[in-house]
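Structural characterization, general
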Amino acid sequence: MTLFNEYSYHDDATLFLIGSTYSSGRWMLGFLGEWINKLTGSTYYSTPLFKGGLTILFIALACILISDLLDIKNIFLNIVLNGIMISFPTIAGIMGYKFTAPYYLLGSFIGILGVYIVCKYFKWYSYIGGVFLIAASIGTYQANIPICISLLLIYMIKTISQNNYTWKRFLILAIYNVIICVGFMSVYFGINKLMLRVKHIELTSYQGINDFGKTSLEGYLDRCIIAYKEFFNPAGHVSRNMYPFSLGIFYKVLLGIGIFMTIYLIFRRTQKSITYGIQLLLLVLFLPLAVNFIYVMCEQATVHTLMMYGEVFFFVYFIWVLEQLKFPNEKISQVVTKGMAIILLVVTAMYCRFDNICYLKAEILQSQAISYYTTLITRIKSTEGYTDDMPVVYINENKKQI
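The sections below set out a description of the structure shown in this document. (Residues numbered from 1 in each chain as written. Predicted model: local features only at pLDDT ≥ 70, side-chain atom pairs only at ≥ 80, totals over all residues. Heavy atoms only, no water.)

**Here we look at the overall build of the chain**
A tally of helices and strands in the chain yields 15 helices and zero strands. Computed over the C-alpha atoms, the radius of gyration of the chain is 23 Å, within 12% of the 21 Å expected from 2.2 N^0.38 for a compact globule of 402 residues. Its C-alpha atoms give the chain principal-axis dimensions of about 90 × 50 × 45 Å. Taking as baseline every contact in the chain between residues at least 6 positions apart, the subset at least 24 positions apart corresponds to 78%. Total accessible area computed for the chain in this model is approximately 20,400 Å², and 67% of it derives from carbon and sulfur atoms. For the chain, the distance from the average position of its 30 positive side-chain charges to the average position of its 21 negative side-chain charges is 12 Å. (Helix = DSSP H or I, 4+ residues; strand = E, 2+ residues; numbered from the N terminus. Rg over C-alpha atoms; globule rule 2.2 N^0.38 Å. Contact = heavy atoms within 4.5 Å. Areas by Shrake-Rupley, 256 points an atom, 1.4 Å probe, with all protein chains shown as cover. Lys, Arg positive; Asp, Glu negative; His and termini not counted. Charge placed at Lys NZ, Arg CZ, Asp CG, Glu CD.)

Structure below.
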């Protein structure tokens, strides 16, 4: 529906923007906007099919990298990986801002590409290139941070589950990943500070962007607790509910199955060595924090749908660990894998249904708004003595009930 219809709400109603850039700490979004504007020789347009198609393309490219990085070979699991990543409610929300949607998803793809490079190639130049790409991803939209650290963590879990590491090698790998995070945040802040000086502007105070969500140590601890609570029992607030209707039940079922599969994987590692099992357990414990890191970055009240794409990496992890699940009997393994894939396909179908409900509501509300303003304009122009050059005062704009 959203590819062949234009639903203009909030910022998208102007049709000719790319979104807030340098003043919101999104310097890469600013670069992209300026470059595209010079390349096309025209202003920005909220074109549904063209920009919607590009958005889907960047998600597909990201899925290719994730599948390769995590060695997801099963065709059914690759299908559900693509399905869930394109139907996740965050994407439906972003499609409401098609003037900037492809840039946001290009940013997500760039971040995943950066993670792919630093994980696949242990060279100094790949580290620099990967860190810069991740920083550019954050410079497009700061909510890409949970996406990047979640993928870094899942790849580290994969590495530890498949290799026998001593504690020394384990710590080296952990420190390497911490250095990656410190590196891309340093590059992001460095370029952001430079661009603010070059543009002679300051960061906006909107939703606390100017202080980057800073709080006290106690505040950060509280946010971490919220991240874990939201992982195990999503609150279901309308602005950040990624599991609407009965999807909340499906999520908890999949969460329980995911925990069982993780325990089984840890048990298999522990059979080889208690050390290996403990290492894997330590990493898995950070997964809820990683996928819900947006709650650590800012206050819970400011979190909304467009900032929640990191949560889709619970499904990425679930798909990966499902492929690792090997029972002594090969037939049982195949049955379990296909059975779980079918459940994930059902979840994908339910997400598609929810997305289309959102699009339908958008279409109805937009039609009501057009009808309201058409009637209003007609009444104004029908007023005795009215002329087209008369100023019109519109009172209580935000209190109108259409």
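Resuming the write-up.
**Focus: the state of the cysteines**
Overall, the coordinates contain zero disulfides when judged by the stated rule. Free cysteine Cys224: the closest other cysteine sulfur is in Cys298, separated by 13 Å. (Disulfide = S-S within 2.5 Å.)

**Structural notes on the packing of helix H3 (residues 75-87) against helix H14 (residues 313-324)**
Orientation of H3 relative to H14, taken along the N-to-C sense of each, is 175 degrees, at an axis distance of 10 Å. In this view, H3 runs roughly antiparallel relative to H14, as classed from their interaxial angle. Of H14, the residues touching H3 (which contributes Leu77, Val80, Leu81, Ile84 and Met85) are Phe315, Val316, Ile319, Leu322 and Glu323. In the contact of H3 with H14, the residues fall into nine nonpolar, no polar and one charged. (Axes fitted to C-alpha atoms, helices over the stretch in contact; angles between N-to-C directions. Parallel < 35°, antiparallel > 145°, perpendicular 65-115°, else oblique. Nonpolar A, V, L, I, M, F, W, Y, C, P; charged D, E, K, R; others polar.)

**Focus on the side chain of Ser46**
Along the chain, Ser46 turns up in the loop between helix H1 (27-40) and helix H2 (48-69). By relative accessible area, Ser46 is classed as buried at 8%. There is a polar contact of 3.0 Å between the side chain of Ser46 and the side chain of Glu6. (Buried < 20%, exposed > 50% of the residue type's maximum accessible area, 1.4 Å probe, protein only. Polar contact = N/O pair within 3.5 Å; in protein donor to acceptor, adjacent residues only side chain to side chain.)

**A closer look at unusual backbone geometry**
With phi around 55 degrees, His200 is a residue other than glycine that occupies positive phi space. Position of His200 relative to the elements: it lies in the loop between helix H8 (167-199) and helix H9 (217-232). The class for His200 is exposed, based on a relative accessible area of 72%. Backbone geometry at Phe245 places phi at a positive 55 degrees, although glycine is not the residue there. Within the secondary structure, Phe245 sits in the loop between H9 and helix H10 (247-272).

**Notes on H8**
For H8, spanning 33 residues, the distance from its first C-alpha to its last is 48 Å, which sits close to the expected 48 Å at 1.5 Å a residue. Turning to H8, its buried residues are Phe170, Leu173, Tyr176, Asn177, Ile180, Gly183, Phe184, Tyr188, Ile191, Asn192, Met195 and Leu196. Packing partners of the buried residues in H8 comprise H1, helix H5 (101-120), helix H6 (124-140), helix H7 (145-162) and helix H11 (274-284). Following H8 by one or two positions, His200 adopts a phi angle in the positive range, close to 55 degrees. (Expected span 1.5 Å × (residues − 1).)

**Comments concerning the packing of H14 against helix H15 (residues 330-381)**
The packing of two helices is summarised by the inter-axis angle and the distance between the axes. Where H14 meets H15, the closest approach of the two axes is 11 Å, and the angle between their N-to-C directions is 160 degrees. As judged from the angle between their axes, H14 and H15 are roughly antiparallel. Of the two elements, H14 crosses H15, and the hand of that crossing is left-handed. Every residue of H15 that contacts H14 at Phe315, Phe318, Ile319 and Leu322 is listed here: Val336, Thr337, Met340, Ala341, Leu344, Val347 and Tyr351. Across the contact of H14 with H15, the residue classes break down as 10 nonpolar, one polar and no charged. (Left-handed = near helix turned anticlockwise from the far one by under 90°.)

**Some words on the packing of aromatic side chains**
Enumeration according to the criterion identifies 26 aromatic pairs in this entry. Ring centres 6.4 Å apart and planes at 15 degrees place the aromatic pair Tyr7 and Tyr359 in the stacked group. Highlighted residues: Tyr7 in the segment before H1 and Tyr359 in helix H15, separated in sequence by 352 residues. Of the residues examined, Tyr359 reaches a relative accessible area of 11% and is grouped as buried. On the basis of an interplanar angle of 40 degrees and a centroid distance of 6.0 Å, the ring pair of Tyr317 and Trp320 is categorised as tilted. (Phe/Tyr/Trp six-rings, centres within 6.5 Å; stacked < 30°, edge-to-face > 60°.)

**Let's talk about H6**
If you check H6, its first and last C-alpha atoms are 25 Å apart, about what 17 residues at 1.5 Å a residue would give, namely 24 Å. Looking only at H6, the buried set comprises Ser126, Gly130, Val131, Ile134, Ala135, Ala136, Ser137, Ile138, Gly139 and Thr140. If you follow the buried residues of H6, they end up packed against H1, H5, H7 and H8.

The values reported here are purely geometric and, on their own, carry no functional implication.
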